[in-house]
Amino acid sequence: MVDPLGVELLPDCPTRRALLRTAGAGLAAGSSSLLAGCGGGSKAKKKLVSDPAVRQGDIAVLNKVLALEHTAIAAYTAGIPLLSGHARAAAAEFLGHELAHAEKLAATIRGAGGKPRPPQANYALGNPSDEAQVLRLLNVTESSLVNAYLIAIPKLAPGWLRAVAAGILANEGQHISVLQAVQGHPPAPAAFVTAVE
Amino acid sequence: MRGGAAAAAAIAAAVTAPSLLDPPGALAAPLGDAAVLVSLLRVEQVLVAAYERALATGILSAAAQSLVRSFLDQERAHVHALSGAVPRGAGASLPDSPQTTSAFDAELRALRIRRSPTELRNERPYLRFLVELEVVIAHHYRFAIASLEGEKPLLTAAEIMANEAQHATSLRELLSPGNVKRAVPSAFVAGTT
């Protein structure tokens with residue numbers, strides 16, 4: 001199964017029942033095990049069709065995080081020319097990730113009949129003039145994204161959509177990890193990735 | 001069964017059930033967030049055991065030891081948080097970290113990780129094993145987040161999932177320094193890469 005954001009989900013699995021079966025296994029988190037636990041066939045397809053769709057409230061939540069993804073795209077685009085070496089390579093890679101996040105969010109909003117928030121003409125990003133300042137800007141931007149996704153996830157109704165948002169949140173956490181390491185800081189400074197730096 | 005007794009049964013089954021393919025009857029119906037949290041607690045206990053065993057091997061470099069030690073502390077913090085989040089209906093017990101090699105290996109097999117780290121004698125394969133474990137467990141978290149309903153359990157799971165993704169990234173960075181495409185291989189953490 002590919003969810004509306006294009007991220008692979010397994011048939012019938014983003015359901016409480018599937019998770020409880022997994023819990024019953026003791027663990028069992030691999031794709032094949034979840035497939036085995038979830039089963040297949042017509043019953044699974046019926047449940048898949050009846051999975052909750054994206055609602056109007058979800059569209060508003062998604063548009064809020066999309067706005068911040070646009071900000072991140074602007075920050076990376078503006079900051080990359082001031083970076084060098086590994087920091088520059090990482091930022092360029094992460095710009096591609098943020099573009100992918102924005103595309104997926106916009107596609108989901110459109111798929112649900114909504115209108116994705118367009119990027120602004122300008123963003124107030126300050127005036128970073130050297131590598132350290134750019135890295136600080138990118139850290140702050142990523143932290144804002146983390147905060148936005150943590151606010152969004154409990155508000156999203158469909159389980160599959162929460163899972164996709166969590167996958168993006170985790171990717172933002174990875175960005176922070178690399179940006180921290182580039183600056184000589186611990187790559188995973190806290191056991192819980194929150195907006196607090 | 002309803003209410004507290006049903007939840008307690010789900011927790012007990014999540015702690016002890018031996019097989020995914022033969023789930024106990026108590027797990028066949030939706031019973032609340034408790035059993036999902038227990039499943040997360042159980043995978044966290046495997047991570048604790050994996051990092052403890054990594055430190056005990058004596059094969060890790062100073063840099064790897066430092067990283068693994070800090071990650072072990074964070075896995076213990078996850079265990080603490082998840083343990084506190086599980087409602088303790090009817091005195092249900094929670095899963096412990098697997099103490100013996102055979103128990104640890106059994107949990108790895110349940111995660112479909114077929115190679116036991118006890119066979120590994122060098123740092124790089126061991127770090128790759130830890131990456132594989134973190135990736136599989138991110139997959140588990142993703143499904144948990146799809147299933148959980150309470151705001152606080154959802155937030156806790158999301159914050160931990162992101163931290164596990166950071167662990168995988170940092171371990172990959174140790175394996176391939178400066179290779180950001182390997183450290184962060186995808187824009188979406190799906191637990192498959």
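Note that the structure is a prediction, hence the values are computed from the model and not measured. (Residues numbered from 1 in each chain as written. Chains lettered and ligands numbered in written order. Predicted model: local features only at pLDDT ≥ 70, side-chain atom pairs only at ≥ 80, totals over all residues.)

Another aspect to go through is the overall build of chain B. Tallying secondary structure elements over chain B gives seven helices and zero strands in all. Burial analysis of chain B (193 residues in total) assigns 55% to the buried set. Taking contacts inside chain B between residues at least 6 apart in sequence as the whole, the part at least 24 apart equals 69%. (Helix = DSSP H or I, 4+ residues; strand = E, 2+ residues; numbered from the N terminus. Buried ≥ 20, exposed ≤ 12 C-beta atoms within 10 Å, placed from the backbone. Contact = placed C-beta atoms within 7 Å.)

What follows concerns the confidence of the model for chain B. Residues and elements named next belong to chain B. Taken as a whole, chain B shows an average pLDDT of 85; of its residues, 80% reach a score of 70 or greater. Note that residues 17-31 has pLDDT below 50 and, in this model, 37 contacts with residues that lie over four places away or in other chains. As scored by the predictor, the complex reaches a pTM of 0.83 and an ipTM of 0.87. (pLDDT = per-residue confidence, 0-100.)

Once that is clear, we can look at helix H3 (residues 62-85) of chain B. Over its 24 residues, H3 of chain B runs 35 Å from end to end, which matches the ideal 34 Å to within 8%, given 1.5 Å per residue. Contacts made by the buried residues of H3 of chain B are with helix H2 (33-57), helix H5 (123-147) and helix H6 (151-175) of chain B. (Expected span 1.5 Å × (residues − 1).)

Before going further, it helps to spend a moment on unusual backbone geometry. Residue and element names in this part refer to chain B. Notably, Arg112 is not glycine yet its phi reads approximately 65°, a positive angle. Within the element layout of this structure, Arg112 appears in the loop between helix H4 (101-110) and H5. Since 18 C-beta atoms lie within 10 Å of it, Arg112 is described here as partly exposed.

What follows covers the packing of helix H5 (residues 85-111) of chain A against helix H7 (residues 159-182) of chain A. All names here are of chain A. The N-to-C vectors of H5 and H7 enclose an angle of 170°; their axes lie 11 Å apart at closest approach. Viewed along their axes, H5 and H7 adopt a mutual orientation that is roughly antiparallel. Considering the relative orientation of H5 and H7, their crossing is left-handed. Two secondary-structure elements touch here, H5 through His86, Ala87, Ala90, Phe94, His97 and His101 and H7 through Ile168, Asn171, His175, Val178 and Val182. Residue classes in the contact of H5 with H7 are distributed as six nonpolar, five polar and no charged. (Axes fitted to C-alpha atoms, helices over the stretch in contact; angles between N-to-C directions. Parallel < 35°, antiparallel > 145°, perpendicular 65-115°, else oblique. Left-handed = near helix turned anticlockwise from the far one by under 90°. Nonpolar A, V, L, I, M, F, W, Y, C, P; charged D, E, K, R; others polar.)

On to the environment of Ala170 of chain A, then. Secondary-structure assignment places Ala170 of chain A in helix H7. Measuring from C-alpha to C-alpha, the distance between Ala170 of chain A and Tyr149 of chain A comes to 9.6 Å, with 21 residues separating the pair along the chain. Apart from residues no more than four positions distant in its own chain, Ala170 of chain A is found in contact with Ala138, Met161, Ala162, Ala165 and Val189 of chain B.

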